[in-house]
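Given next are the chains, with one letter for each unit.
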Amino acid sequence: MSLDVPTALLDRVERGEVVDDAEFVDVVRQSLPYAWMIVSEVASRSAASDGEFEDHAVPPPSEKERGQLLRALASDSIRGGLERHFGVKLAFQNCHRVAAFKISAVGGETYQRFISPTAQIANQSPELRDC
């Protein structure tokens, strides 16, 4: 299971109520604390820097934390909620390299290079094949 959803919220959704971004992002924050920490960090650094993006490329301490990153960034709804909350565009490589791009940089040369197949291949190593 990706998210630990409070029973009351699940009941509301089952009755057809729509979850707003704030509630959803809070569920993500509580359910995926490592992923939240990494995204928070890169988003904060990106907001404070003059560069187009900031990234975090340190491998997670365990597979549990790696799983949180994979769940957060592989889900369109989770990733989109995080992007809206932090006001960034997230990019992801190698199962642990998380980047937060300024919205103004999306579509630009640096962003296109980061998300390219060439960049993905260039950032491979034997250690990453099983991650």
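Before any of the text, the structure's been laid out above.
The paragraphs below set out a description of the structure included in this document. (Residues numbered from 1 in each chain as written. Predicted model: local features only at pLDDT ≥ 70, side-chain atom pairs only at ≥ 80, totals over all residues. Heavy atoms only, no water.)

**Points about the packing of helix α4 (residues 63–74) against helix α5 (residues 76–86)**
Phase 1: The geometry of α4 relative to α5 is characterised by a closest axis approach of 5 Å and an angle of 85° between their N-to-C directions. Put simply, α4 runs roughly perpendicular to α5. On α5, the residues that touch R71, A72, L73 and A74 of α4 are D76, I78, R79 and L82.
Phase 2: Class assignment of the residues belonging to the contact of α4 with α5 gives a composition of five nonpolar, no polar and three charged. (Axes fitted to C-alpha atoms, helices over the stretch in contact; angles between N-to-C directions. Helix = DSSP H or I, 4+ residues; strand = E, 2+ residues; numbered from the N terminus. Parallel < 35°, antiparallel > 145°, perpendicular 65-115°, else oblique. Contact = heavy atoms within 4.5 Å. Nonpolar A, V, L, I, M, F, W, Y, C, P; charged D, E, K, R; others polar.)

**Overview of the pattern of salt bridges**
If the charged atoms of two oppositely charged side chains come close together, the side chains can form a pair.
Phase 1: Summed over the entire model, instances satisfying the criterion amount to eleven salt bridges.
Phase 2: Note that E83 and K89 form a salt bridge whose closest N and O atoms lie 3.6 Å from each other.
Phase 3: Here R113 ties to E109 by a salt bridge, and the two come within 3.2 Å at their closest N and O atoms. Taken together, the positions of R113 and E109, both in helix α6 (residues 109–114) and four residues apart, correspond to about one turn of that helix. (Salt bridge = Lys/Arg side-chain N within 4 Å of Asp/Glu carboxyl O.)

**With respect to the packing of aromatic side chains**
Phase 1: Using the criterion set out here, one finds five aromatic pairs in the structure.
Phase 2: Pairing F101 with F114 gives two aromatic rings, centres 5.4 Å apart and planes at 75°, and the pair type is edge-to-face. Here F101 is found in strand β3 (residues 97–102), whereas its partner F114 is found in helix α6, with 13 residues between them in sequence. For the pair shown, F101 and F114 are each scored as buried.
Phase 3: Following the ring pairs from residue to residue traces out a cluster consisting of F53, F101, Y111 and F114. (Phe/Tyr/Trp six-rings, centres within 6.5 Å; stacked < 30°, edge-to-face > 60°. Buried < 20%, exposed > 50% of the residue type's maximum accessible area, 1.4 Å probe, protein only.)

**Thoughts on the nonpolar core**
Phase 1: I78, L82, L90 and V98 are the most contacted members of the largest nonpolar core, which totals 23 residues.
Phase 2: Broken down by secondary-structure element, the contributors of at least two residues to this core are α2 (21–31), α3 (33–48), α4, α5, β2 (88–93) and β3.
Phase 3: The residues touching L90, leaving out its near neighbours within four places in the chain, are V39, L73, R79, L82, E83, V98, A99 and A100. (Core = buried A, V, L, I, M, F, W, Y, C linked by side-chain atoms within 4.5 Å.)

**Here we look at the environment of L10**
Phase 1: With respect to the secondary-structure elements, L10 resides in helix α1 (residues 7–14).
Phase 2: Given a relative accessible area of 39%, L10 falls into the partly exposed group.
Phase 3: Distance from L10 to V58, taken between C-alpha atoms, is 34 Å for residues 48 residues apart in sequence.

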